[in-house]
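An overview of the molecular structure
One letter stands for each residue in the lines below.
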Amino acid sequence: MLLVNTIRDNFEAVLHGLQKRNFANAETVLLQVLEIDKNRKETQVQRDNLQADSNTISRQIGALMKEGKKEEAEKIKSKTSEIKEQIKTLETTYSNFEEELKQLLFTIPNVPHVSVPKGKSAEDNEIVLEHGKIPVLPENKLPHWELIKKHDIIDFDLGVKIAGAGFPVYKGKGARLQRALINFFLDEALKAGYIEVQPPILVNEDSGYGTGQLPDKEGQMYEATVDKLFLIPTAEVPITNMYRDVILEEQDLPIKNVGYTPCFRREAGSWGAHVRGLNRLHQFDKVEIVHISHPDQSYTALEDMSKYVQNLLQKLELPYRVLRLCGGDMGFTSALTYDMEVYSAAQERWLEVSSVSNFETYQANRLKLRFRGEDKKTQLAHTLNGSALALPRIVASILENNQTENGIKMPNVLVPYLGFDFI
RNA sequence: AGAGAGUUGGGUGAGUGGCUUAAACCAGCAGUUUGCUAAACUGUCGUACGUGUUAAAGCGUACCGGGGGUUCGAAUCCCCCACUCUCUGCCA
């Protein structure tokens, strides 16, 4: 969440940024934040002063008791009840202000980077670049949901039988393709200097709040209610939360982690057109990269991550484009997001396969993720993450783009991982 | 899952109601000294919010796993929860 100090010290910039996101009543809400914070501080001063008085009296009583002056002690004791009553009232007022402030801050999204374009929806995203040639397929081309049946490599009906819609079963060469992609992505990340982690795929409530899935987005996560745990929608949650309540040394930065996990999303309300086949699933596999960065370095890191993801797509020989998301299409917690989309040549559609974001201090503030700078003071670090990559849509475009008379040709870079070159 | 024992600063660890404003040691940092990758000595060494200030120092409050309670006063007593260890049970 945003820092109150940021809102106070850069009011115009924050206001302008939130308007770029079409955040309703931005000015009213921001002024309300400052008002509540002012009340909070004033209450704290009163409370602390009374508490200090009370502490002094208690020490006096202690001293008198020691000297055996019991009567005097009793006399002073009687004075305390009124102070205690006042402290109690102020304490309640204070926590109410604090809670009100927190709840209000939860409703305010991150301030977009200056380079983020205005806009309302995906229509307004800015195409940064396009790379690769869109393949020309024969007339009898098939979409991937037909190809998987033809070659018997992914079975949706079987998934329905054992779990439900959106939980496919990968079989034979389909399963081996999944495994090859995961290994390829992890190996590439290791070469690029990432430290691999295998985090839990169930997380507690604190973790959900830390990265911003909670509150509000409970509906998007599967929940193990008996144990109050959530199935992760992305490895971002457990990996970033490894650094919750941590104070790093400046020389520890940047931290670069990579992890493979399955991801689970309820996708409530998002079923409709364009969700056939692998386009949208409840369970899918993803390799995620996470950076913890010095604030001065985070946008360099974001560009590096973008180039890294693009490099993977180039190695897989997939045509892609990079979008800079507009204010209206960006995630709640992000300051700047690049989406990478691959072209799926039989569907004749661009499919999002990666989203790379800089959250600046928005997550770090909730996570209390800090580092000690040169001046020995703690300050919030910047967090970033990106998919590198999400599997299903990569598989969809590999299958569609590479279909030939003799089967589906696998990208060269995967052949050593696969042990075969055609499906 | 059951029974018992625990959770104190970066680490080890003392602390059974007011001499704790959390001891001591180690590590870290700064310095002094001795001719050398070392030792000794001295000092310093948590976090947050607030106050103060050009900035700081300083000052106030809170924090001893988390939350609540008793009390003039709680690391210490009581209740709930989480986690760790030991034993028993179950188990890949």
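Residues numbered from 1 in each chain as written. Chains lettered and ligands numbered in written order. Predicted model: local features only at pLDDT ≥ 70, side-chain atom pairs only at ≥ 80, totals over all residues. Heavy atoms only, no water.

**A few points about the protein's contact with RNA strand B**
By nearness alone, 22 residues border RNA strand B, and Arg40, Gln44, Ser58, Arg372 and Thr378 come closest of all. The sugar-phosphate share of atoms of RNA strand B within 4 Å of the protein amounts to 74%. Between RNA strand B and aspartate 48, the relevant distance is 3.1 Å, taken from a base nitrogen to a side-chain nitrogen or oxygen of the residue. Breaking the surface near RNA strand B down by element, the ones donating at least two residues are α3 (26-67), α4 (70-106) and β14 (370-372). (Near = heavy atom within 4 Å. Polar contact = N/O pair within 3.5 Å; in protein donor to acceptor, adjacent residues only side chain to side chain. Helix = DSSP H or I, 4+ residues; strand = E, 2+ residues; numbered from the N terminus.)

**Focus on the pattern of salt bridges**
Considering all chains together, one arrives at 15 salt bridges under this definition. One salt bridge connects lysine 102 with glutamate 99, and the closest N-O pair in it is separated by 3.8 Å. In this pair, lysine 102 and glutamate 99 both sit in helix α4, three residues apart, roughly one turn of the helix. Two residues, glutamate 188 and lysine 315, come together in a salt bridge whose shortest N-O distance is 2.8 Å. Note that glutamate 188 is positioned in helix α7 (residues 173-191) and lysine 315 in helix α10 (residues 298-315), a separation of 127 residues in sequence. (Salt bridge = Lys/Arg side-chain N within 4 Å of Asp/Glu carboxyl O.)

**Details of empty space enclosed by the protein**
The final tally for this structure, using the stated rule, is one cavity of 30 Å³ or more. In this structure, the largest cavity spans a volume of roughly 30 Å³. Phe106, Gly212, Pro215, Asp216, Lys217, Phe332, Thr333 and Arg366 are the residues that line the largest cavity. Counted by class, the lining of the largest cavity contains three nonpolar, two polar and three charged residues. (1 Å grid on protein atoms, 1.4 Å probe; cavity = no way out; pocket = protein on both sides within 12 Å on 5 of 7 lines; lining within 4 Å. Points joined across faces, edges and corners; volume = space filled by probe spheres on them. Nonpolar A, V, L, I, M, F, W, Y, C, P; charged D, E, K, R; others polar.)

**Focus on the sheet that holds strand β7 (residues 229-231)**
By definition, the strands of a sheet pair up through backbone hydrogen bonds, in either a parallel or an antiparallel sense. Spatially, β5-β7-β6 is the arrangement adopted by the three strands of the open sheet, whose pairing is antiparallel. A single partner strand is all that each edge strand has here, and the edge strands are β5 (202-203) and β6 (223-224). (Pairing = 2+ DSSP bridges.)

**A word on the domain arrangement of chain A**
Each assigned domain of chain A is listed here: domain 1 (4-106) and domain 2 (122-418). Between the C-alpha centres of domain 1 and domain 2 the distance comes to 43 Å. Taken together, the contacts link five residues of domain 1 with ten residues of domain 2. Of the roughly 550 Å² buried between domain 1 and domain 2, counting both surfaces, carbon and sulfur atoms make up 49%. Linking domain 1 to domain 2 there are zero salt bridges. For the pair domain 1 and domain 2, the interface holds three residue pairs in polar contact (both at pLDDT 80 or more). (Domains from an automatic or database assignment. Contact = heavy atoms within 4.5 Å. Buried area = accessible area lost by both parts, 1.4 Å probe.)

**Details of the packing of helix α2 (residues 11-20) against α3**
Axis separation between α2 and α3 bottoms out at 9 Å; the angle between their running directions is 140°. Overall, the two elements α2 and α3 adopt an arrangement that is oblique. Seen from above, α2 lies across α3 with right-handed handedness. For the pair formed by α2 and α3, the contact residues are Phe11, Val14, Leu15, Leu18 and Gln19 on the first element and Ala26, Glu27, Leu30, Leu31 and Leu34 on the second. Split by residue class, the contact of α2 with α3 holds eight nonpolar, one polar and one charged. (Axes fitted to C-alpha atoms, helices over the stretch in contact; angles between N-to-C directions. Parallel < 35°, antiparallel > 145°, perpendicular 65-115°, else oblique. Left-handed = near helix turned anticlockwise from the far one by under 90°.)

**Let's talk about the layout of surface pockets**
What the second largest pocket holds in volume is close to 760 Å³. As for the second largest pocket, its lining consists of 26 residues, and the residues nearest its centre are Met1, Leu3, Leu105, Asn365 and Lys368. Listing elements by their share of the lining of the second largest pocket, those giving two or more residues are α1 (4-9), α3, α4, α8 (205-211) and α11 (362-367). Here the lining of the second largest pocket takes six residues from α4, the largest share from any one element. Broken down by class, the residue content of the lining of the second largest pocket amounts to eleven nonpolar, three polar and twelve charged. Residues from two domains meet in the lining of the second largest pocket; each of domain 1 (4-106) and domain 2 (122-418) gives at least three.

**Observations regarding a negative patch on the surface**
There is a patch of like negative charges on the surface, built from Glu205, Asp206, Asp216, Glu218, Glu223 and Asp245. As for its position among the elements, glutamate 205 is in helix α8. (Patch = residues over 30% accessible without salt bridge, like charges linked within 9 Å, V, L, I, M, F, W, Y side chains within 5 Å. Areas by Shrake-Rupley, 256 points an atom, 1.4 Å probe, with all protein chains shown as cover. Lys, Arg positive; Asp, Glu negative; His and termini not counted. Charge placed at Lys NZ, Arg CZ, Asp CG, Glu CD.)

**With respect to α10**
Compared with the 26 Å implied by 1.5 Å per residue over 18 residues, the 26 Å span of α10 between its first and last C-alpha is a close match. What α10 keeps buried is the set Ser298, Ala301, Leu302, Met305, Ser306, Tyr308, Val309, Gln310, Leu312 and Leu313. Phi turns positive, to about 60°, at glutamate 317, one or two residues after α10. (Expected span 1.5 Å × (residues − 1). Buried < 20%, exposed > 50% of the residue type's maximum accessible area, 1.4 Å probe, protein only.)

**What to know about the environment of glutamate 188**
A relative accessible area of 8% means that glutamate 188 is categorised as buried. For the pair glutamate 188 and proline 143, spaced 45 residues apart in sequence, the C-alpha to C-alpha distance is 29 Å. Among all residues touching glutamate 188, those that are not within four sequence positions of it are Tyr308, Leu312 and Lys315.

**A few points about the confidence of the model for chain A**
With 99% of its residues at a pLDDT of at least 70, chain A reaches an overall mean of 92. ipTM for the predicted complex: 0.86, alongside a pTM of 0.92. (pLDDT = per-residue confidence, 0-100.)

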